Amino acid sequence: MKFYNIIDFRGTVHLYVRISLGIIISQLDYHLGTIGIVDEQVHIKDGIARLTVEIIKREWPQLWTSLLKDLYDLCQMGVMLSMILCNYSLSGRPVGRSQSVSQSVSQSIDQSRTSEDDFYFQETQTEIVLKIFLRLIEDVITFQNVPLQRRREIMQSLTSHMGELFEFFMNLLQNHTSAANSLTSDDTLESKVAYKAHTCVSEAVLTTMTGYLDWVTMNHIFMKDGLLLRMLCLLLNNRSLQLPAVDCLLIIVSKKGKIEDRKPLLILFSEDAMAVIWNAIVTAEQVSLDEYYYLFLKRLCQGVVTDMISSYTQTLWATFLRHDIISKEPDLIACIPKLFHSATKTLLKVGFPTQNNSLSCNYARLDFDSDEEFNMFFSKYRAEVADTLRLGTVIQPVESFMFARDWLQNTLQKPLNTGNGAENGNCKLTSPSFLEWDAMTVCLECVMARAMQSSGPLPDLKDGITLLQNVLSFQTEDPLILSSLLSCLSALFPFLNHVPEILPSVIEKIFSAVTFNILGQTKSTRSRAVKNARQHACSILVKICKQYQELLFPVFDKLYSHIKIISSNDGQLSQMEKCILIEALIIVSVFIEEVMKPVKDLWLSSEFKIAFSAADKLMSYIGLDQAPVEPSSADTCGINRSHISYCITMILGVLKRSKWPEDLQMASKGGFVLGNINGTSVMYRNPATAHVKVLMENLMLLMKSMNAAWDPSYLNLRHPDFAKSYELVDNEKQTILGIPYPCVDNSSSPTCKNPLDRMKNFLTTTHDNSCHILGNAGQCLGYEFYTEPNLAESILNTVLTNLQHLPDYRMKPLINILILIYFDRTLYICHSDKTLYICHSDKTLYIRHSDRTLYICHSDKTLYICHSDKTLYICHSDKTLYIRHSDKTLYIRHSDKTLYICHSDKTLYICHSDKTLYIRHSDKTLYIRHSDKTLYIRHSDKTLYIRHSDKTLYIRHSDKTLSILNCNIVNDRIYFLVKNTFNENLKVFIKPYILSCPKECFTSAVIPLLAFLCPFMYERLGSKWQIINQRSVSETDDLETQEILEEQLTRQLTREYIDLLGCICRNRKIDISTNTEDEMIDDNDILVQSQQLKDDSLGDLGQLCLKEELVADKKMTSNSAVHFLCCVLFGLQQHGEHEGCQASLLSLGLQTYELLRPLFPDISSVLLQIPNCTVELVKAFDDKILLSSPQKQMTDKKKKDAFKKLVVGVIGQNIGQKFKREIHYKNLPPLYRLRPKVPTVDDTESEDIGLCGLFKPSNTDS
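Quick caveat, the model's predicted, so the values are computed rather than measured. Sequence order as written defines the numbering, with residues in each chain counted from 1. This being a predicted model, a pLDDT of at least 70 is required before a residue's local features are given, and a value of 80 or more before pairs of side-chain atoms are given or counted; all residues contribute to the totals for chains, interfaces and linings. Side-chain figures throughout are based on the complete set of non-hydrogen atoms in the structure, without hydrogens or water.

Engineer: In this structure, what is going on with the overall build of the chain? I would like to understand it.
Structural biologist: Secondary structure assignment for the chain yields 52 helices and 20 strands. Accessibility here uses a 1.4 Å probe with only protein chains present; expressed as a share of the type maximum, an area under 20% marks a residue as buried, one over 50% as exposed, and anything in between as partly exposed. Counting every position in the chain, which comprises 1262 residues, the buried fraction comes to 50%. Only heavy atoms enter the contact rule, under which two residues are in contact if any of them lie within 4.5 Å. Considering only residue pairs separated by 6 or more positions, the chain has 68% of its internal contacts joining residues 24 or more positions apart. Element-wise, carbon and sulfur atoms account for 53% of the exposed surface of the chain, whose accessible area totals about 61,700 Å². Under the DSSP-based scheme used, a helix requires at least four consecutive residues in state H or I and a strand at least two consecutive residues in state E, with every element numbered from the N terminus. The accessible surface values rely on the Shrake-Rupley method and a 1.4 Å probe; as for residues, cover is taken only from the protein chains in view.

Here is the structure:
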């Protein structure tokens, strides 16, 4: 029942509603009223509570003053609620001023009811009262679906009675838990029923308290010397009540507040309380494979071998170890060795749900649905463990190093254990030896990253040198073990400073790994493990060249000759390995000319110039218009592609690795200083500038031809076998989708590719690296690059040509992609990087939102929902409904086989009937329908639509978050992918190009590009949005899919372009250089840096652009001002339904009006075009903000509210809100009436009463 027109109800209707409700509760009859607490359906009790709360929200406290006492008494004597609800106002006035309602109706209780019936009936009444209290606070606090004035009055009354209310809760909890405990030893049927009744009431008390605990003051929670905390601790050992009890404890300990107010929480750390908690953990751990107890353990974040629970404790340990005071406690320091010892188990990459190599596999099956999901979690978990080890090393560096030393030495001495199923005697990813090597390497890297930086005692250098020598002397023919050994060698590099004479042995060890090979394998048939080990060795050489340049000078000639010798052997090194080795040389030498000579000879050759001169010639040169050739060694066009890739990779490597000396004096002596800019900033010369600048012309011609290849006339030139060559390579698909590779051990398999994959890889890599070269040129080459003659004109005539032919997936960056994969009737969706996952398999629906925030499982007739990992649990089986909810957000009605959930009044609705599931969230924001094999999701009206039928998935999403392209069905697997490739130009090239440009070069190097790009993007995006907004419902699924793709790509491209405009206008300097360091950067450091660098003020380039547009220096016209305000109002009309956008646009509109109204009075006419905005309202608003004195200026909030009232007629609304039927509340008398003013003596006495004469000076005084 909805109380839409309750204010129009006549007195008899009011009376009928109350009497009917009272009959339902008071009658102990299956057909006419409620029945016992054990047998009554949950949705019936919820419905009664809801009706009662609707009356309370309209009547209390003014017209129902005895409500609380009536509800208290109702729990004690089972009063008929009909008398309570109808008698208190039958006479037209509130009852309870002379006597309480309970007293007035207690005489009417049916004396014929038996004591047994009254007992069970009383428990039902108590539970309903508790549900009333819970729903009332949810409506008022959580959902706030009550008018502001009514909400204030209800909250004021609740707050004033909170002490007695909490005492009421605690008395109920204490009485019913005690009564239940007294019945545990009685096995009679009556005792079991009574026990269940008392437990139901106790559970209802705990659930109700979750609605109050997170906002009431601490003194109510800690009343009676912390009685509530003690009771909750004791309930942790109660099988039926431990989950709601731990929910209450979590809310209490999570409350924010002053330290003084939170001090009573220390009672939880007393010996008695900790003993109770520990006993509960031990008891639950013994049966932890039971899902109920496992969930309980997860709540307590303690103790079993599951990685999920262990990950909770890692955060706690890290917090302790970071704390300035706690980290110095002897008890904590004594635990650090135990932490390191536990790392020998927690760092092992075991526990996959499909495996049985660890006890944690059993728990993984409870937490994860696949090995891929576990693998994603384990990466995060291992990072947490590594962080804990690093923090422990800072506190105890010597002990930590000794532990890592012993672990490494023991591993070096152990025989190789390849496990079952190993091929050729080499390890697999699941082999015991590799698992231990892998875990030990992580520990050693963590220890060495902090041990040598400690301000306290350092590890023994002799031990470190010995350990380094042991690693160098260790020999292995297993590629996986070799890769781990190289990691250990890299971690021990800090000891090289103390024994430089050992450096030649280190280099020799590295080069032996660079040339490592397995007998029988060639350059084209090497396994993945061998390739990874070789590239790992090359990367380590780069690291040692960067960090130990001075040590390398004595052995540089040997290093150079060794690289030169192995590079000359075409069958030895791959192009990637060769480029990495040359990068290492560039870091420690200035032999750029010699290194770049073969590149120049190829890149500037007439053969390349002809190939790059036109799109058709390029396609012919790389073999796009020819049939594929196998093997690759016989493909002459493949050799051409190889030469192009080699040159581009070398140019990029030289560009990023070459750098001037950081010391100004050394740079000046070496000729790396060009001069000063305006006498302040120093202009440096990159040693690679002269060698790279001459190659830029051909690079731009290559990009011009690649853009032209998208022209329809050139697309038809592709050979049919290469028709899909413009699609993305598989590994890039996986990267963009954010979906990890399938957990398949392919370390021993070769990496051979077919011709189509080789062509796709070439086109993708060439385009990406070309954009990276242009993007890095501005930062690396600096001033000399931007002062190149006709730079902007060259870019316009090459890189930015044929944009009209480029598809959208060439026009947006590789970020924020919505990921979809369909596998064996299973749908996984990842939104905004690990935000939303949906799995739909057979009749089962799983939803994970924001990293284990929301889970929904719908299987057969069962529904489970877990929100925030401790908020909501629903089990619906047959006709039984169980609810566990601790976040004040749920209303449920379960009827027959249908489940309805109402959250926040029109916020969440779930209807589960047979095999169909509907979810409505945030008033038509989220809809999910799951029927047979079909899944429909609709989010934010026009935001997300998903239709999944058989093996077909259609998605339409219009909120900047979804990108799909290339639907390929392979073995019942559908991959959806979107990559906006032109925006590689926007993000990888244009954005860093602008950010790195000196302001002296804005006019010549940037403004011409923006003059072309901005109108083009505005016209392109404008036309696309016009098509999208005018689009009607598609008649065919194929057309609908294409429309969805276009819409999502347009949204993402629009967002990226707006971000580019922000970079242009804002005064922001961000380090856009690619991080080439081998060390990991902490996320917190990145956050701090971004906060420090952010500046939203208008920058020099923004001011220059405004001057170009004639809107600066007071050159704005009246028409421009009107247009600007109209654009803001159009934005409100389009995006006003979203609260965040609405707030920002209202602030912008107010600022615009305040600034422009004094200069251009005509803009007020724009507001008059808004419905219901009159001349009087506009004039009153102008008087408030323009004519008020500085002392009477309105606050920003009041200004914003006033402006919102003016423009409310134009603010866009969700379609679900446009025709909403409002619920009306009548105004009640105020709670506190103002007392009449007491008249003064001057008002009542007209004659002189002599008071003034008392204070006149008299003669006697003088």
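Engineer: I would appreciate a short explanation of the nonpolar core in the present structure.
Structural biologist: As a rule of thumb, soluble globular proteins bury nonpolar side chains together. Residue types Ala, Val, Leu, Ile, Met, Phe, Trp, Tyr and Cys, when buried and joined through side-chain atoms within 4.5 Å, form a set referred to as a nonpolar core. Leu-541 and Ile-544 are the most contacted members of the largest nonpolar core, which totals 89 residues. Per element, the largest residue contribution to this core is eleven residues, and it comes from helix α21 (residues 432-451). Once residues lying within four places of it in the same chain are set aside, the contact partners of Leu-541 are Ile-510, Phe-511, Leu-559, Ile-563, Leu-581 and Ala-584. Core analysis: the second largest hydrophobic core is formed by 81 residues, Ile-651, Ala-688, Leu-791 and Ala-1005 among them.

Engineer: Just to check I follow, could you spell out the packing of aromatic side chains for this structure?
Structural biologist: The geometry of two aromatic rings is summed up by the distance between their centres and the angle between their planes. Any two of the Phe, Tyr and Trp rings considered here, Trp counted by its six-membered ring, make a pair once their centres fall within 6.5 Å; the pair's planes then place it as stacked at under 30 degrees, edge-to-face at over 60, or tilted in between. Under the counting rule described, the total for this entry stands at 33 aromatic pairs. Here Tyr-1153 and Phe-1181 contribute two aromatic rings whose centre-to-centre distance is 5.7 Å and whose plane-to-plane angle is 50°, an arrangement assigned as tilted. Highlighted residues: Tyr-1153 in helix α47 (residues 1139-1156) and Phe-1181 in helix α49 (residues 1175-1186), separated in sequence by 28 residues. Grouping residues by exposure puts Tyr-1153 and Phe-1181 together as buried. The structure contains a cluster of three or more aromatic residues connected by ring pairs, namely Tyr-72, Phe-133, Phe-166, Phe-168, Phe-169, Tyr-212 and Trp-215.

Engineer: Hey, could you run me through the environment of Phe-1124 in this one?
Structural biologist: By secondary structure assignment, the location of Phe-1124 is in helix α46 (residues 1118-1135). Once the C-alpha coordinates of Phe-1124 and Thr-1152 are considered, the two residues, 28 residues apart in sequence, prove to be 8.1 Å apart.

Engineer: Before we go on, may I ask you to explain the confidence of the model for the chain in this structure?
Structural biologist: One rule of thumb: low pLDDT means the predicted coordinates there are not for detailed reading. Averaged over all residues, the pLDDT of the chain is 75; the fraction at 70 or higher stands at 71%. A residue's pLDDT is the confidence the predictor assigns to it, expressed on a 0 to 100 scale. Scored below 50 in pLDDT, residues 813-984 makes 542 contacts in the model with residues more than four places away or belonging to other chains.

Engineer: Hey, could you run me through helix α18 (residues 360-367) in this one?
Structural biologist: Note: α-helices contain 3.6 residues per turn, so residues at a spacing of three or four share the same orientation. Of all the residues in α18, the buried ones are Ser-360, Cys-361, Tyr-363, Ala-364 and Asp-367. The arc enclosing the buried residues of α18, seen along the axis, measures out at 160°, which places them on a common side. As used here, the arc is the angular range of directions from the helix axis to the C-beta atoms.

Engineer: Can you help me understand unusual backbone geometry in this one?
Structural biologist: Backbone torsion omega between Trp-60 and Pro-61 reads 5°, so that peptide bond is classified as cis. Looking at the secondary structure, you find Pro-61 in the loop between α2 (42-59) and α3 (67-77). Positive phi outside glycine occurs at Lys-224, with the angle close to 60°. Tracing the sequence through the fold places Lys-224 in helix α11 (residues 223-235). Residues other than glycine seldom take positive phi values, yet Asn-790 does so here, at roughly 60°.

Engineer: Got a minute to help me understand the environment of Ile-1185 in this structure?
Structural biologist: Of note, Ile-1185 is situated in helix α49. Apart from residues lying up to four places away in sequence, Ile-1185 is in contact with Tyr-1153, Glu-1154, Gln-1193 and Lys-1199.

Engineer: Sorry, what's going on with the pattern of salt bridges here?
Structural biologist: A side chain with one charge may pair with a side chain of the opposite charge, provided their charged atoms come close. We define a salt bridge as a contact between a side-chain nitrogen of Lys or Arg and a carboxyl oxygen of Asp or Glu at a distance within 4 Å. This structure, assessed with the given rule, holds 25 salt bridges. Residue Arg-405 is joined to Asp-463 by a salt bridge in which the shortest nitrogen-to-oxygen separation is 2.9 Å. You can see Arg-405 sitting in helix α20 (residues 397-413) and its partner Asp-463 sitting in helix α22 (residues 461-473), a full 58 residues away along the chain. For Arg-405, a relative accessible area of 15% gives the class buried. Here Lys-1179 ties to Asp-1183 by a salt bridge, and the two come within 3.5 Å at their closest N and O atoms.

Engineer: Looking at this model, I keep getting lost on the environment of Arg-405. Mind explaining?
Structural biologist: Along the chain, Arg-405 and Cys-443 lie 38 residues apart, while their C-alpha atoms are 10.0 Å from each other. Among all residues touching Arg-405, those that are not within four sequence positions of it are Asp-463 and Leu-467.

Engineer: Would you explain the state of the cysteines in this entry?
Structural biologist: Each disulfide consists of a covalent bond between the sulfur atoms of two cysteine residues. Sulfur atoms of two cysteines make up a disulfide when they are within 2.5 Å. Counted by the stated rule, this structure contains zero disulfides. Of all cysteine sulfurs in the structure, the one in Cys-1065 sits closest to Cys-1063, which takes part in no disulfide; the separation is 9.6 Å.

Engineer: What should I look at first to understand the packing of helix α19 (residues 371-395) against α21 in this one?
Structural biologist: Pairs of packed helices are described in terms of their axes, by the angle between the two and the distance that separates them. Packing of α19 against α21 brings their axes to within 8 Å, and their N-to-C directions diverge by 40°. When the axis of α19 is compared with that of α21, the two are oblique. For the pair α19 and α21, the crossing hand works out as right-handed. Taken together, the residues of α21 that come into contact with α19 (itself represented by Arg-382, Ala-386, Leu-389, Arg-390, Thr-393 and Val-394) are Asp-438, Val-442, Cys-443, Cys-446, Val-447, Arg-450 and Ala-451. By the convention adopted, Pro, Cys, Tyr, Trp, Phe, Met, Ile, Leu, Val and Ala count as nonpolar, Lys, Arg, Asp and Glu as charged, and the other residues, Gly among them, as polar. Looking at the contact of α19 with α21 residue by residue, the classes come out as eight nonpolar, one polar and four charged. Lines fitted to C-alpha atoms define the axes here, with helix axes fitted over just the stretch in contact, and angles between the N-to-C directions of these axes take values from 0 to 180 degrees. Just so you know how the angles are binned, under 35 degrees is roughly parallel, over 145 roughly antiparallel, 65 to 115 roughly perpendicular, and the rest oblique. Here is the rule for handedness: rotate from the far helix to the near one, and if that takes an anticlockwise turn smaller than a right angle the crossing is left-handed, while a clockwise turn gives right-handed.

Engineer: Just to check I follow, could you spell out a nonpolar patch on the surface for this structure?
Structural biologist: A contiguous nonpolar patch, built from Leu-266, Phe-269 and Met-274 and spanning about 350 Å² of accessible area, is present on the exposed surface. Relative to the helices and strands, Met-274 is located in helix α14 (residues 271-286). Judged by relative accessible area, Met-274 falls into the partly exposed class, the value being 37%. The patches reported here contain residues having more than 30% relative accessible area and no salt bridge. Joining distances are 9 Å for like charges and 5 Å for nonpolar side chains (Val, Leu, Ile, Met, Phe, Trp, Tyr).

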